[in-house]
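Take a look at the letters that make up each chain.
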Amino acid sequence: MPQLANIAVSILFDGLAYAMFLFITSVGLSVTMGLMGFVNLAHGAFAMCGGFFVVSLTRTLGVGFVPSLVIASLAVGAISIPFERYLYRRLYKSTDLEQVLLTIGLAFMAIATFTYFYGPIPKSVPLPAWLQGDVNLGFRSFPSYRAFLIVLGAALISVLWYAFEQTNIGAKIRAAVDNRRMAESVGINVDRLFTLTFAVGSGLAALGGGLAIQLFGLTPSFAVIYLVLFLIVVAVGGLGSLKGTLLAALVLGIFDTTGKYLMADAGGFFIYAVVVVVLLIKPAGFYGRE
Amino acid sequence: MTPALEVQRLHRTFGALPVTRDVDLVLEKGARRALIGPNGAGKTTLINLITGALKPQSGRVLLDGEDITATSQAERARRGLARTFQINQLFRGLTVLENLCMTVGERDGHCNNLWRAAGAKRAVIDEALDYLDTLNLTGDALRPVRELPYGRQRLVEIAIALAQKPRVLLLDEPAAGVPSSESHLILDAVAALDRDIAILIIEHDMDVVFRFAKEITVLVQGAVFTQGTPEEIMNNEHVRAVYLGEDSHRGGRRG
Amino acid sequence: MAASETRTAAGQAARDRAAEFLVRRHRFRWPEALPWLIAIAAFFVFSDRMTFGSQVLIGVMFALSLDLILGYAGIVTLGHAAFFGIGAYVVGLSAARFGWSEPISGVVAAAVVAGLAGFASGWFLLLYRGLTLLMLTLATAIMLQEAGNLRSDISGGYDGLPGLTFQPLFGVFDYDLYGHTYYLYVLAVLAVIFYFVRRIVYSPFGQALTGIRENVQRMHAIGSPVHRRLVTVYTIAAAIAGIAGALFTQTNAYVTLTVFDFDNSAKVMVMLILGGTGRLYGAFVGATVYMVLEDYFSKLSPTFWQFGIGLLLVLAVLFARRGLLGLLEQADAGWRRRSKP
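Parameters and conventions
Residues numbered from 1 in each chain as written. Chains lettered and ligands numbered in written order. Predicted model: local features only at pLDDT ≥ 70, side-chain atom pairs only at ≥ 80, totals over all residues. Helix = DSSP H or I, 4+ residues; strand = E, 2+ residues; numbered from the N terminus. Rg over C-alpha atoms; globule rule 2.2 N^0.38 Å. Buried ≥ 20, exposed ≤ 12 C-beta atoms within 10 Å, placed from the backbone. Contact = placed C-beta atoms within 7 Å. pLDDT = per-residue confidence, 0-100. Expected span 1.5 Å × (residues − 1). Pairing = 2+ DSSP bridges. Axes fitted to C-alpha atoms, helices over the stretch in contact; angles between N-to-C directions. Nonpolar A, V, L, I, M, F, W, Y, C, P; charged D, E, K, R; others polar. Parallel < 35°, antiparallel > 145°, perpendicular 65-115°, else oblique.

A. The arrangement of the overall build of chain A in detail. Broken down by element type, chain A carries 12 helices and 2 strands. The N-to-C order of helical and strand elements in chain A reads α-α-α-α-β-β-α-α-α-α-α-α-α-α. Against the 2.2 N^0.38 benchmark of 19 Å for 290 residues, chain A shows a C-alpha radius of gyration of 19 Å, consistent with a compact globule. Dimensions of chain A along its principal axes, counting C-alpha atoms only, are 60 × 45 × 35 Å.

The structure is reproduced here in structure tokens:
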């Protein structure tokens with residue numbers, strides 16, 4: 001392949017993989033914020049927990065990578081339920097600031113706890129053979145892990161899309177995001193809906209955390225460092241919108257990757273400039289409602 | 001003579017749904033007009049459009065002949081357009097007196113001052129107290145608004161609108177939630193207003209409407225259904241039909 | 001109004017009582033002298049910890065500036081550290097690159113530049129609220145940091161601008177090894193700033209800010225120029241944060257890009273919540289308590305400190321929403337109730 005096109009394809013590929021990671025981890029945050037208006041800054045901590053569960057499952061218990069991902073997601077999803085029920089629920093009527101502070105406090109506690117048990121050194125995870133190395137697609141080779149990420153992402157997007165647009169529950173969620181009071185008045189149990197959405201979102205975050213290990217390494221600080229990214233994906237995409245999160249993940253993922261490829265030092269700058277530009281023009285994000 | 005407020009072909013949709021359809025309305029100086037209509041007719045939406053809280057898709061709003069369609073809500077308030085909200089919009093954490101002082105202070109530019117103490121201008125406090133007196137609220141002057149029963153909070157809502165010294169006053173169900181023993185206070189205060197102020201009042205209570213209004217506009221599904229004097233409206237069969245199901249001239253009270 | 005003629009003596013008395021309350025509200029009450037007495041006492045009692053003492057005072061100043069926008073106007077921002085950083089770098093760069101090392105003019109310059117930055121960014125950003133504003137302020141602060149990193153040849157990057165020296169104050173008082181002079185210097189600046197902030201808070205403008213915080217829709221409806229008010233207070237707060245940053249560079253004789261860290265924006269918010277927002281002195285209580293605890297615990301174990309702060313936040317939100325001062329007020333009210341016959 002000609003040199004320029006080769007670089008472009010690499011950027012696109014890496015950007016796509018990164019976007020898939022952003023989408024998987026952020027979609028839960030977008031839907032819960034859109035549904036309940038609850039600012040959950042502990043979302044990154046759930047992702048971090050998922051990552052560490054995967055590390056322990058694979059390294060200590062010898063479970064395979066992919067099964068570990070599944071187990072960790074389910075576990076974190078389940079664990080998130082009592083948090084929502086007994087803690088978050090008390091703050092649904094509180095101010096944004098109070099929600100921000102409570103969830104940041106939880107994130108700090110989580111980071112400290114995991115630092116105590118796992119230490120601050122970045123962790124890695126043993127990958128099965130088929131995820132290592134490259135996969136040859138004919139015209140060129142691509143790193144297998146990133147290819148896996150893209151395929152997994154696409155699969156999840158389809159599943160979520162179907163669930164959101166075609167099922168009863170999806171319709172209820174969309175209705176409640178649109179107009180909560182009206183949804184309640186037609187008999188939708190918004191509280192239960194939210195617990196379900198929150199659990200699925202947290203589970204997906206855990207999945208994202210597990211997938212991130214190979215991309216960025218895993219430390220407890222992951223919970224706040226990447227939180228900023230998840231927040232901007234959500235803000236740019238629009239609260240409560242699957243489409244929005246996907247579009248934002250793609251735009252931001254590819255922009256960021258391009259920036260880092262072309263200008264290694266200033267890479268970080270571009271993604272934030274994009275955020276500012278988008279929000280100034282569309283304050284509610286791509287698909288948010290005013 | 002230029003009307004105090006004029007609304008010309010005001011139109012607004014929410015998505016595909018038109019909520020205000022080409023509404024024309026005129027309030028002469030000193031008008032006492034009631035806006036009535038079944039629930040969902042778009043009465044509050046119309047008020048929001050007139051005050052600038054909502055922007056119309058088309059149409060104009062004129063205050064004393066000046067086109068204010070493009071101005072902000074705050075600018076319209078400064079030019080003499082005041083409103084009360086259907087559900088109280090008060091400064092709940094502040095005392096009743098502070099609520100009024102804030103209103104007077106914003107009106108006369110006192111709040112632009114960063115240097116002198118808020119309590120230094122005695123005239124502001126006295127004026128605020130005068131408004132409280134009118135509505136029998138002086139005893140509650142130092143109580144935080146959120147501690148007051150809803151009915152008395154409603155009186156504060158009215159007081160704030162009065163404190164703006166408006167030329168045009170839009171009242172959105174002012175008596176809603178006020179116990180019948182006190183509702184006369186509101187109506188007396190409104191009745192005692194300067195003859196020159198133009199008042200538009202949304203009300204469901206027909207006793208209030210017929211006592212207060214010299215003219216009535218009936219709004220149905222966002223459009224002006226008919227307008228006229230109270231007698232004309234009361235004898236209009238179509239209006240009665242549209243209102244069937246609401247407690248109207250049978251003397252019932254709402255809320 | 002005809003009411004004045006028909007007012008009874010009791011009615012007039014009630015009026016006067018109400019008016020008196022408002023008229024007296026801004027007067028100094030003796031407990032207000034406490035923080036200053038404590039600060040002066042600390043100078044003698046903890047005379048070997050004065051470098052730390054200066055940092056505490058700077059923290060108080062930073063928290064005070066945030067209280068203006070967060071506690072009084074109700075604007076939630078995640079990028080306040082940007083103005084601190086701008087102030088810090090105005091002093092740092094003018095000393096390192098232009099050889100300008102007169103401290104007081106440095107502080108003034110920092111205030112002006114930070115204030116201008118506040119005005120320019122506030123004008124646009126304050127058109128937004130909620131999550132959008134949070135993200136915009138966060139993004140702007142990070143961009144500033146990244147820009148500094150881009151030109152680390154100018155800014156010194158994360159390694160910082162080293163070896164800054166400053167002229168003696170007024171040409172006479174020099175920096176001493178124990179930071180005594182600088183403690184008093186920072187205290188004096190804090191006192192001046194506090195005087196202005198206090199005046200603003202008790203002014204009609206300050207009242208309007210509270211109105212904006214309590215019910216912005218109502219403010220629009222009574223004709224308040226909300227955006228103008230917000231930009232004004234944001235500019236002032238930015239300038240004060242800039243002064244805090246300037247003093248930071250002067251007292252540390254050092255500055256790095258970490259001053260722009262999100263961590264700092266978060267830290268100052270925690271300080272304010274701890275002390276109590278919208279209470280003027282919440283900044284004093286919160287910043288002091290936070291920094292003393294941090295100094296002690298993070299030396300003991302950073303992990304333990306992080307856990308503790310997280311726990312403190314959670315408990316504060318659940319049980320002490322109005323911070324330590326709020327708890328004090330509750331206790332005071334409860335004591336008054338119980339001591340009534």
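B. How the structure looks around the overall build of chain C. For chain C, the count of helices and strands is 16 helices and 0 strands. Expected size for 341 residues packed as a compact globule is a radius of gyration near 20 Å; at 22 Å, chain C falls within 12% of this value. Considering only C-alpha atoms, chain C reaches an extent of 75 × 45 × 45 Å along its principal axes. Residues counted as buried form 53% of the 341 residues belonging to chain C. When contacts within chain C are restricted to residue pairs at least 6 apart in sequence, long-range pairs at least 24 apart make up 79% of them.

C. Structural context of the confidence of the model for chain C. Here chain C averages 88 in pLDDT, and 94% of its residues register 70 or above. If you check the scores for this complex, the pTM reads 0.89 and the ipTM reads 0.90.

D. Here's a closer look at the environment of Arg-9 of chain B. Residues and elements named next belong to chain B. With respect to the helices and strands, the residue Arg-9 is situated in strand β1 (residues 5–14). Sequence-wise, Arg-9 and Val-61 are 52 residues apart; in three dimensions their C-alpha atoms are separated by 8.9 Å. Each residue touching Arg-9, except ones within four places of it in the same chain, is listed here: Asp-22, Asp-24, Ser-58 and Gly-59.

E. View of helix α14 (residues 282–300) of chain C. With 19 residues, α14 of chain C extends 27 Å between its outermost C-alpha atoms, agreeing within 8% with the 27 Å of an ideal straight helix rising 1.5 Å per residue. If you check which residues of α14 of chain C are buried, you get Gly-282, Ala-283, Phe-284, Val-285, Gly-286, Ala-287, Thr-288, Tyr-290 and Met-291 of chain C.

F. Representation of the sheet that holds strand β7 (residues 168–172) of chain B in the model. Residues and elements named next belong to chain B. With mixed pairing, the 6 strands of this open sheet are ordered in space as β6-β7-β8-β3-β9-β10. Of all strands in the sheet, those with a lone pairing partner are β6 (81–83) and β10 (223–228), marking the two edges. Across the sheet, the axes of successive neighbouring strands diverge by a mean angle of 20°, strand direction being ignored. Taken together, the 3 bridges between β6 and β7 define a ladder with parallel strand orientation. Counterpart to Leu-81 in the pairing with β7 is Val-168. Contacting β3 (32–36), β6, β7, β8 (198–202) and β9 (215–220), helix α1 (residues 43–51) runs over the sheet at an angle of about 150° to β7.

G. Fine view of the interface of chain C and chain A. Listed as interface residues are 30 residues of chain C and, on the opposing side, 31 residues of chain A. Of all elements in the fold, only α7 (130–150), α13 (262–275) and α15 (302–319) of chain C reach the threshold of two or more residues within the side of chain C that touches chain A. Sort the elements by how many residues they give to the side of chain C that touches chain A and α7 of chain C lands first, with 14 residues. Its residues assigned to classes, the side of chain C that touches chain A shows 21 nonpolar, 7 polar and 2 charged.

H. Inspection of the interface of chain B and chain C at higher detail. In this complex, chain B contributes 40 residues to the contact, which on the side of chain C involves 34 residues. Elements supplying a minimum of two residues to the side of chain B that touches chain C: α2 (73–78), α3 (96–107) and α4 (122–134) of chain B. Per element, the largest residue contribution to the side of chain B that touches chain C is 7 residues, and it comes from α3 of chain B. A class-by-class count of the residues in the side of chain B that touches chain C yields 18 nonpolar, 14 polar and 8 charged.

I. The arrangement of the sheet that holds β1 of chain B in detail. Residues and elements named next belong to chain B. Strand order in the open sheet formed by 4 strands is β2-β1-β4-β5, with antiparallel pairing between adjacent strands. Two strands bound the open sheet, and with one partner strand each, they are β2 (17–27) and β5 (66–67). Across 2 bridges, strand β4 (residues 58–63) lies against β5 in antiparallel orientation. Among the inter-strand pairings, Leu-62 is bridged to a residue of β5, identified as Asp-67. Against the sheet, α1 contacts β1, β2 and β4, and its axis sits at roughly 65° relative to β2.

J. Representation of the arrangement of the chains within the structure. Most contacts, when the 2 pairs of chains in contact are compared, are made between chains B and C. There is no contact between chain A and chain B; across them, the least C-alpha separation is 12 Å.

K. Layout of the packing of α14 of chain C against α15 of chain C. All names here are of chain C. α15 packs onto α14 with a crossing angle of 135° between their chain directions and a minimal axis gap of 5 Å. Here α14 lies oblique to α15, going by the angle between them. Between α14 and α15, the contacting residues are Glu-294, Phe-297, Ser-298 and Leu-300 on the first element and Pro-302, Phe-304, Trp-305 and Gly-308 on the second. Broken down by class, the residue content of the contact of α14 with α15 amounts to 5 nonpolar, 2 polar and 1 charged.

L. Seen up close, unusual backbone geometry. Of note, Asp-64 of chain B is a non-glycine position whose phi angle comes to about 55°, a positive value. For Asp-64 of chain B, a count of 17 C-beta atoms within 10 Å translates into the label partly exposed. The backbone of Ala-253 of chain C shows a phi angle near 55°, a positive value even though the residue is not glycine. Mapped onto the elements, Ala-253 of chain C comes out in the loop between α12 (226–252) and α13. For Ala-253 of chain C, a count of 16 C-beta atoms within 10 Å translates into the label partly exposed.

M. Fine view of the pairing of β4 of chain B. Residue and element names in this part refer to chain B. Sheet topology note: the β1/β4 ladder contains 5 bridges and is antiparallel. By the bridge assignment for β4, Glu-6 is matched with Leu-62. Hairpin connection of β4 to β5: 2 residues between the antiparallel strands, including Asp-64 at a positive phi of 55°.

N. Main features of the pairing of β8 of chain B. All names here are of chain B. Within β8, 5 of the 5 residues are buried, which leaves the element mostly enclosed by the surrounding structure. Side chains Ala-198, Leu-200 and Ile-202 of β8 all project onto a buried face; the interleaved residues Ile-199 and Ile-201 project onto the opposite face, where all are buried too. Here β3 pairs with β8 via 4 bridges, running parallel. When the bridges of β8 are listed, Ala-34 appears paired with Ile-201.

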